[in-house]
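A structural walkthrough
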Amino acid sequence: AEQIAMLRSLIEARPAALAWQRRLATSLRRSAGLALDLGRPGDARAMLDESIALLDALLAKAADNRAWKRDLAHALMDRAELARIAGDRPAAIADLRRASALSVALRGQEQGQAEWQRLDALIRARLAAMESRSGEEGAALEALQRLVEASPDSITGRLWLSTQL
């Protein structure tokens, strides 16, 4: 909480310092995980919402920034997990779809970058699992097929796909 307060003060004093805004977004995301561990999902959700809003604002200024896209994808995945825990599958799926679009953009910016491929595979696996649980089997199968195509070495993706066919 002290680090977040200090970052807020720095941003207030120097609103053009984008690096501080990213650090605040990152700190909020990390603190959301701690809040959840402490049994405070409402606080965790508020922190993730603020982190996502900050990262959206940063990307509005520099849409090609890969680090900010990655940070936003992770924050969206975290918020999707909170929504899943709360039983809000539509919200979880919406955040995972948005995270997936970011990971596709990252892969397009840097073909062959292993980090983006892993991120994309992870998001696609989570999305497929959520869609299959929400009755969207067709969308889940498509997500699994994309996962296997994007990451042919993914044992998880191939196993899930084989059980769905």
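As a reminder, the structure under discussion sits directly above these lines.
Residues numbered from 1 in each chain as written. Predicted model: local features only at pLDDT ≥ 70, side-chain atom pairs only at ≥ 80, totals over all residues. Heavy atoms only, no water.

Comments concerning the overall build of the chain
Across its full length, the chain carries 8 helices and 0 strands. Each helix and strand of the chain, ordered N terminal to C terminal, gives the series α-α-α-α-α-α-α-α. Here the chain holds 165 residues, and the buried ones make up 38% of them. Expressed as a percentage of contacts within the chain between residues at least 6 apart in sequence, the contacts between residues at least 24 apart total 50%. Split by element, the accessible area of the chain, about 8,900 Å² in all, is 53% carbon and sulfur. (Helix = DSSP H or I, 4+ residues; strand = E, 2+ residues; numbered from the N terminus. Buried < 20%, exposed > 50% of the residue type's maximum accessible area, 1.4 Å probe, protein only. Contact = heavy atoms within 4.5 Å. Areas by Shrake-Rupley, 256 points an atom, 1.4 Å probe, with all protein chains shown as cover.)

Notes on the pattern of salt bridges
Evaluation of the coordinates by the stated rule reveals 12 salt bridges. One salt bridge connects Arg40 with Asp43, and the closest N-O pair in it is separated by 2.7 Å. Its salt-bridge partner being Asp49, residue Arg79 comes within 2.9 Å of it at the nearest N-O pair. Taken together, the positions of Arg79 in helix α4 (residues 66-85) and Asp49 in helix α3 (residues 41-61) put the pair 30 residues apart, joining distant regions of the chain. Its relative accessible area of 13% is what places Arg79 among the buried residues. When its relative accessible area of 29% is taken as the criterion, Asp49 is described as partly exposed. Three or more residues joined by partner-sharing salt bridges are found here, namely Arg45, Asp49, Arg79 and Asp95. (Salt bridge = Lys/Arg side-chain N within 4 Å of Asp/Glu carboxyl O.)

A word on the nonpolar core
Leu24 and Leu72 are the most contacted members of the largest nonpolar core, which has 36 residues in total. For this core, the elements supplying multiple residues, two or more each, are α1 (2-13), α2 (18-37), α3, α4, α5 (89-109) and α6 (114-133). The greatest single-element share of this core, amounting to 9 residues, is contributed by α4. Contacts of Leu72, omitting those with residues within four sequence positions, involve Ile52, Leu55, Asp56, Leu59, Arg98 and Leu102. (Core = buried A, V, L, I, M, F, W, Y, C linked by side-chain atoms within 4.5 Å.)

So, the packing of α4 against α5
Running from N to C, α4 and α5 cross one another at 160 degrees; their axes reach a closest spacing of 8 Å. Put simply, α4 runs roughly antiparallel to α5. Like other packed secondary-structure pairs, α4 and α5 cross with a definite hand, here left-handed. Residue-level contacts link Arg66, Lys69, Arg70, Leu72, Ala73, Leu76, Met77, Arg79, Ala80, Ala83 and Arg84 of α4 to Arg89, Ala91, Ala92, Asp95, Leu96, Arg98, Ala99, Leu102, Ala105, Leu106 and Gln109 of α5. Per-class residue counts for the contact of α4 with α5 are 13 nonpolar, 1 polar and 8 charged. (Axes fitted to C-alpha atoms, helices over the stretch in contact; angles between N-to-C directions. Parallel < 35°, antiparallel > 145°, perpendicular 65-115°, else oblique. Left-handed = near helix turned anticlockwise from the far one by under 90°. Nonpolar A, V, L, I, M, F, W, Y, C, P; charged D, E, K, R; others polar.)

Digging into the environment of Gln109
By the element assignment, Gln109 lies in helix α5. Its relative accessible area of 28% is what places Gln109 among the partly exposed residues. Residues within four places of Gln109 in sequence aside, it is in contact with Asp64, Arg66 and Lys69.

With respect to α1
Here α1 is 12 residues long and its end C-alpha atoms lie 17 Å apart, about the 16 Å a rise of 1.5 Å per residue gives. Burial in α1 covers these residues: Ile4, Leu7 and Ile11. With its buried residues spanning 65 degrees around the axis, α1 presents them on a single face. Counted as exposed and oriented over 90 degrees from the buried face of α1: Glu2, Glu12 and Ala13. Where α1 is buried, its residues touch α2. (Expected span 1.5 Å × (residues − 1). Arc of directions from axis to C-beta.)

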